[in-house]
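Architecture at a glance
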Amino acid sequence: MKKKTAGIGAALLFLASKFKWLVVVLKLTKLSTFISMLITLGAYGLFFGWKFAVALVYLLFVHEMGHLVAARKKGIATSPAIFIPFMGAVIGMKELPKNAKDEAYIAFAGPLFGLLSFLPAIPLYFWTNDPLWGLIIGFGALLNLFNLFPVSPLDGGRIVTVLSTKIWLIGLIVLIPWMIYDGSAIMILIFIIGLSTWWARIKELYEQKQLETELAVLNEVEEVFHEVDDKSPYLSLYEPIRSELMRRHLIQKAEEFGQKEFDYNQLLYVMKKRYMPFKDDKKKLQRDEYAYRVSTYVTTKNFLRQWSLGLTYWEEDTPFNWLDKEKKRVTERLTKLQTYYLTSTKEKILWLIAYLALVGILTGFYVWGHDILESSRLLVG
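Below you will find a few notes about this structure.

Calculation rules
- Residues numbered from 1 in each chain as written.
- Predicted model: local features only at pLDDT ≥ 70, side-chain atom pairs only at ≥ 80, totals over all residues.
- Heavy atoms only, no water.
- Patch = residues over 30% accessible without salt bridge, like charges linked within 9 Å, V, L, I, M, F, W, Y side chains within 5 Å.
- Areas by Shrake-Rupley, 256 points an atom, 1.4 Å probe, with all protein chains shown as cover.
- Salt bridge = Lys/Arg side-chain N within 4 Å of Asp/Glu carboxyl O.
- Helix = DSSP H or I, 4+ residues; strand = E, 2+ residues; numbered from the N terminus.
- Buried < 20%, exposed > 50% of the residue type's maximum accessible area, 1.4 Å probe, protein only.
- Contact = heavy atoms within 4.5 Å.
- Expected span 1.5 Å × (residues − 1).
- Polar contact = N/O pair within 3.5 Å; in protein donor to acceptor, adjacent residues only side chain to side chain.
- Phe/Tyr/Trp six-rings, centres within 6.5 Å; stacked < 30°, edge-to-face > 60°.

All right, on to a nonpolar patch on the surface then. Together, F34, I35, L38 and I39 make up an exposed nonpolar region whose accessible area comes to about 380 Å². By the element assignment, F34 lies in helix α3 (residues 33-48). Accessibility expressed as a relative area gives 55% for F34, which makes it exposed.

What follows concerns the environment of W199. Here W199 shows up in helix α10 (residues 185-231). Owing to a relative accessible area of 34%, W199 belongs among the partly exposed residues under this scheme. It is 9.9 Å that separates the C-alpha atoms of W199 and W168, two residues lying 31 residues apart in sequence. Not counting residues up to four positions away in its chain, the partners in contact with W199 are P277 and F278.

Attention shifts here to helix α5 (residues 100-118). The end-to-end C-alpha distance of α5 is 28 Å, a good match for the 27 Å that 19 residues give at a rise of 1.5 Å each. Where α5 begins, the capping side chain belongs to N99, and its oxygen is found 3.1 Å from the backbone nitrogen of K101.

Counted by the stated rule, this structure contains 17 aromatic pairs. With a centroid separation of 6.1 Å and 90 degrees between ring planes, the pair formed by Y125 and W368 is classed as edge-to-face. Residue Y125 is located in helix α6 (residues 121-128), and its partner W368 is located in helix α14 (residues 345-380); the two are separated by 243 residues in the primary sequence. Overall, Y125 belongs to the buried group, its relative accessible area being 15%. For W368, a relative accessible area of 26% puts it in the partly exposed group. Aromatic pair F303 and W322: ring centres 5.9 Å apart, planes at 45 degrees, arrangement tilted. Taken as a pair, F303 in helix α12 (residues 281-308) and W322 in helix α13 (residues 319-339) lie far apart in primary sequence, 19 residues in all. Both residues of the pair, F303 and W322, count as buried.

Here it is as structure tokens:
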């Protein structure tokens, strides 16, 4: 019985927190914040009574308003809050945060506002001695405490990105025994989502290394293009000797890149195509580098051959336009990967203190709310 109750509790907590993709469905049905709130209120009222339903909708609303206020303070436009029965309330951001600090700021505001939301229940409990207020304090604390679990996409997972995304793996490891004990599909789903988010981050680290090698190859090609461009005026009918020497130089350069293309193709041919994650990352990275060199050298060779003919037009694009576009693609993505999670030691310490303090405060309120309910049961018994 206890195991079944724990499973239902975990399911309600998860559904009441983050299943944000369903907001798309509700948007299509043109439900406003007010209408979706009334529908959710009615649904909760049927199962838990209207008093707890009103309190639950209020707790969810204030939590999401925390995200909304923080997002708009960071200059990120958001959609209105939409309530989803038995799944919570959600807002949608119309653009992604610029960095991990902004992401953590927006995520932290939800549980922080969630904490503020149930504080009025404290004086009301002392005034009325009604255990309902104890239930609201305990459940409000638990709802926001659950959201602080360090697995993305929960708020806690978003917050710890400012510290280290390696914490996601720790959260997943801790989640495994909980998932096995609970045995519910919801807990398995949380684990799968968290695992996929962590794996996406691992792929980003690999992509960063890949882009660094691509940039090195493009810099190599850029040196050759600049050398040719500086001497291109010699390709003139009025200076036949210099022009012929320049043509030969360009043909030689084209042949050099053709030979490089051939050599790397040969290396690719003998390399295996499938690799074990982590174990063979270096070999896979080397293969990807060789493949990029081959494709880049083919393009470079073709441009040099056109240049050697003294063409004043290009069939598709000029060498420098192509190079600029490719370098822009690589540098923009590489810069984002290198800077998104960049935070100073001081900032990490401050965020860690804030995170642990909020966890501690919410834990204290949860224990107190639980004690209030236990005491009321003893009195009734």
